[in-house]
Amino acid sequence: MEVKTKVALLDNTIQLDRLKAGARKRQIDELLEGFYCVGTSISLLEFKATYLQECITIHNALRKNGRYTVVRDALVESQHRQHRLRAHIFNNMLNIFAPSSLEIDKEQDFQLAEEARLQLENVIPRLYKWFASEGVHSVLSGSICCTRATEPPRKKNAAFEANLPICRKSNKKCRVEHFIRERAIHLADIIRELGHDSEQLEATCQLFEKVASDPNADISHSDCRRAGDCLIALEAEGQATHAFSTNTSEWALLCGILDYDFVRVSYPEEKKR
Amino acid sequence: MITQKNGRLSVRPPTASNVVYDEASRQGNGSVSEPTTGTVSADSAIPWLKSDATTRTAEIRKAATRGYADFRRTCDDLAEAALHADDYLLNGEVSDEGLEVIVQVDELLERLYQCDWGEGESVKRVVVAIKSQLNNVRWTERHVGFLKDAAFKIRNRYLINDQFVEECLDLIEAHNLDLFRGVLSSEGIRRYRLEEIHEDEP
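None of these values were measured; they are calculated from a predicted model. (Residues numbered from 1 in each chain as written. Chains lettered and ligands numbered in written order. Predicted model: local features only at pLDDT ≥ 70, side-chain atom pairs only at ≥ 80, totals over all residues. Heavy atoms only, no water.)

**Q** Please explain the overall build of chain A as it appears in this structure.
**A** Across its full length, chain A carries 13 helices and 7 strands. For chain A, the C-alpha atoms occupy an extent of roughly 60 × 45 × 40 Å along the three principal directions. Counting the 273 residues in chain A, one finds 52% classified as buried. Restricting the contact set of chain A to residue pairs at least 6 apart, pairs at least 24 apart contribute 73%. Carbon and sulfur atoms form 49% of the exposed surface of chain A, whose accessible area is close to 13,100 Å². Averaging the positions of the 38 positive and the 39 negative side-chain charges in chain A gives two centres separated by 5 Å. (Helix = DSSP H or I, 4+ residues; strand = E, 2+ residues; numbered from the N terminus. Buried < 20%, exposed > 50% of the residue type's maximum accessible area, 1.4 Å probe, protein only. Contact = heavy atoms within 4.5 Å. Areas by Shrake-Rupley, 256 points an atom, 1.4 Å probe, with all protein chains shown as cover. Lys, Arg positive; Asp, Glu negative; His and termini not counted. Charge placed at Lys NZ, Arg CZ, Asp CG, Glu CD.)

This is how it looks when you write it as structure tokens:
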């Protein structure tokens, strides 16, 4: 059996950057040359809840409103925390170029909206498959087995849904609470011992402590996403040798604890401008 | 009783529930008289209903035939234009003279988009998929190969549905093109810079 010596665990920021811009994609692909890339079930969940969810939001808005420039301007200018990701999707994924919204006529706007919507209908199901089978060499899911991660987005009669219902004992089969009590709580202890100044790590430790002390705890995917970095890093423990992320503050500490080589990805070309 | 379902008219024989009886005749010999108000009996309605339904069906069939004829004609033109793209390949790229083919293909794809054929929006999805690979990029052998295969594939298919759309998306990957293409490929980018020209320079 072939022993893989260089196994790269990809944080979700890396997966998103590969889809956001060509320059970033090329840089990341160069760094990953020679690595066996892995993701985890929580990173697939994160991908569904961010990139796919925003594609679906745009699709539903285009169907409802019908005018491309109106929807584009509203979604990109909003104060929603994912408005930058939406801009990337409009600029890069859709590849639909509209004249100025001050000049475009209604009919053209409707047609562009229809084309953009159909492009998303073509692409959304395949994006999910891309992550699970081409974006990485394999998805490690044996430890937590996130149920939401295994459910692809689906199209009903008109609208897409990301398929992210609130997790309850009745609709999930994952082992996240068990995983937290058996493994994640020890990580939280080490993080507290070492000390940190990250609000996100603090919130994660509190979540783990709450689950560990409550035998009836039943957390949902939003909780898992808040503790995403720790859960992703733990899911790959013993299998990954390197971890790639743009986020130093949490990942540098986690890599030190879990014995990964941390590879920080940055884009100096963008910073020059 | 006349009912309409899915655009088709059907006639049920009159029963006690759907025929208005004339009170006088009921009290008489017990036979059913012609209804005076309400539902029209089946026998008297059939002739004009039959011709109306036949006309409507004929109209639907004519529209479908016209739709398929438009679709097929456009596909034939697209396949022919795709073959011409080969004539303009130079060093692996379509030359500037090939712009005429690109414009022609663009116009034909617009025509195909408007065709009234296929299940739901399948034809439109196919056109959008093809355009997503050909818009705003310098055409190379891969793009021309993809266009030819897609054009002939759609030309040779009668039933255009979701399954066919998936086959076209598979075709993109088979030609090593990027389905999630949205970033400008390096072939398409040209760089410009402003240079100061001094007085003594020509």
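**Q** Help me understand the packing of helix H4 (residues 122–134) of chain B against helix H6 (residues 162–174) of chain B, please; the structure alone is not making it clear to me.
**A** Helices that pack against each other are described as a pair by the angle of their axes relative to one another and the distance between those axes. Residue and element names in this part refer to chain B. As a packed pair, H4 and H6 sit with axes 9 Å apart at the nearest point and diverge in direction by 10 degrees. What the angle tells us is that H4 and H6 run roughly parallel. Contacts between H4 and H6 involve Ser122, Arg125, Val126, Ala129 and Gln133 from the first element and Asp162, Phe164, Val165, Glu166, Cys168, Leu169 and Ile172 from the second. For the contact of H4 with H6, the class distribution of residues is 7 nonpolar, 2 polar and 3 charged. (Axes fitted to C-alpha atoms, helices over the stretch in contact; angles between N-to-C directions. Parallel < 35°, antiparallel > 145°, perpendicular 65-115°, else oblique. Nonpolar A, V, L, I, M, F, W, Y, C, P; charged D, E, K, R; others polar.)

**Q** Would you mind going over the packing of helix H4 (residues 68–77) of chain A against helix H5 (residues 83–93) of chain A with me for this structure?
**A** All names here are of chain A. Look at H4 against H5: their axes get within 8 Å of each other, and the N-to-C directions meet at 150 degrees. Across the interface between the two elements, Tyr68, Val71, Arg72, Leu75 and Val76 from H4 touch His83, Arg86, Ala87 and Phe90 from H5. Across the contact of H4 with H5, the residue classes tally to 6 nonpolar, 1 polar and 2 charged.

**Q** How should I be thinking about the sheet that holds strand S3 (residues 138–140) of chain A in this particular structure?
**A** Note on sheets: strands pair through backbone hydrogen bonds, and any given pair is parallel or antiparallel. Residue and element names in this part refer to chain A. With parallel pairing, 5 strands are arranged side by side in an open sheet as S3-S2-S1-S6-S7. In the strand order of this sheet, the two ends are held by S3 and strand S7 (261–264), each with one partner. Each strand of the sheet is rotated relative to its neighbour by a mean of 35 degrees, with strand direction disregarded. In this structure, strand S1 (residues 7–10) lies alongside strand S2 (residues 36–40), joined through 3 bridges in parallel fashion. Paired with Ala8 across the bridge in S2 is Cys37. Relative to S2, helix H3 (residues 41–65) is tilted by about 70 degrees, and along the sheet it contacts S2 and S3. (Pairing = 2+ DSSP bridges.)

**Q** What exactly am I supposed to notice about the pattern of salt bridges here?
**A** Pairing is possible between side chains of opposite charge, provided their charged atoms come close. Per the counting criterion, the structure on display carries 35 salt bridges over all chains. The shortest N-O distance in the salt bridge between A:Arg148 and A:Glu151 comes to 3.0 Å. Residue classification places A:Arg148 among the buried residues on the basis of a relative accessible area of 2%. Across the salt bridge formed by A:Lys172 and A:Glu177, the nearest N and O atoms sit 2.6 Å from each other. Both residues of the pair, A:Lys172 and A:Glu177, count as buried. Salt bridges here are not isolated pairs; linked through shared partners, they connect A:Arg126, B:Arg125, B:Asp162, B:Glu166, B:Asp170 and B:Glu173. (Salt bridge = Lys/Arg side-chain N within 4 Å of Asp/Glu carboxyl O.)

**Q** Looking at this model, I keep getting lost on the packing of aromatic side chains. Mind explaining?
**A** Aromatic ring pairs are described here by two measures, namely the spacing of the ring centres and the angle between the planes. All names here are of chain A. Considering all chains together, one arrives at 12 aromatic pairs over all chains under this definition. Pairing Phe47 with Tyr51 gives two aromatic rings, centres 5.9 Å apart and planes at 0 degrees, and the pair type is stacked. Pair noted here: Phe47 and Tyr51 are both in helix H3, with a separation of 4 residues, about one helical turn. Residues Trp130 and Phe131 carry aromatic rings whose centres are separated by 6.5 Å and whose planes lie at 75 degrees to one another, so their mutual orientation is edge-to-face. Taking relative accessible area as the criterion, Trp130 reaches 11% and is therefore assigned buried. Stacked on the ring of Phe35, the Lys or Arg Lys6 has its end atom at 4.6 Å from the ring centre. (Phe/Tyr/Trp six-rings, centres within 6.5 Å; stacked < 30°, edge-to-face > 60°. Lys NZ or Arg CZ within 6 Å of the ring centre and 35° of its normal.)

**Q** Sorry if this is basic, but what is going on with the nonpolar core here?
**A** All names here are of chain A. Core analysis: the largest hydrophobic core is formed by 116 residues, its most contacted members being Tyr51, Leu127 and Leu231. Aside from chain neighbours lying at most four places away, what touches Leu231 is Ile42, Ile144, Val176, Phe179, Ile180, Phe208 and Cys224. In this structure, Ile28, Phe35, Cys37 and Val265 belong to the second largest nonpolar core, which totals 11 residues. (Core = buried A, V, L, I, M, F, W, Y, C linked by side-chain atoms within 4.5 Å.)

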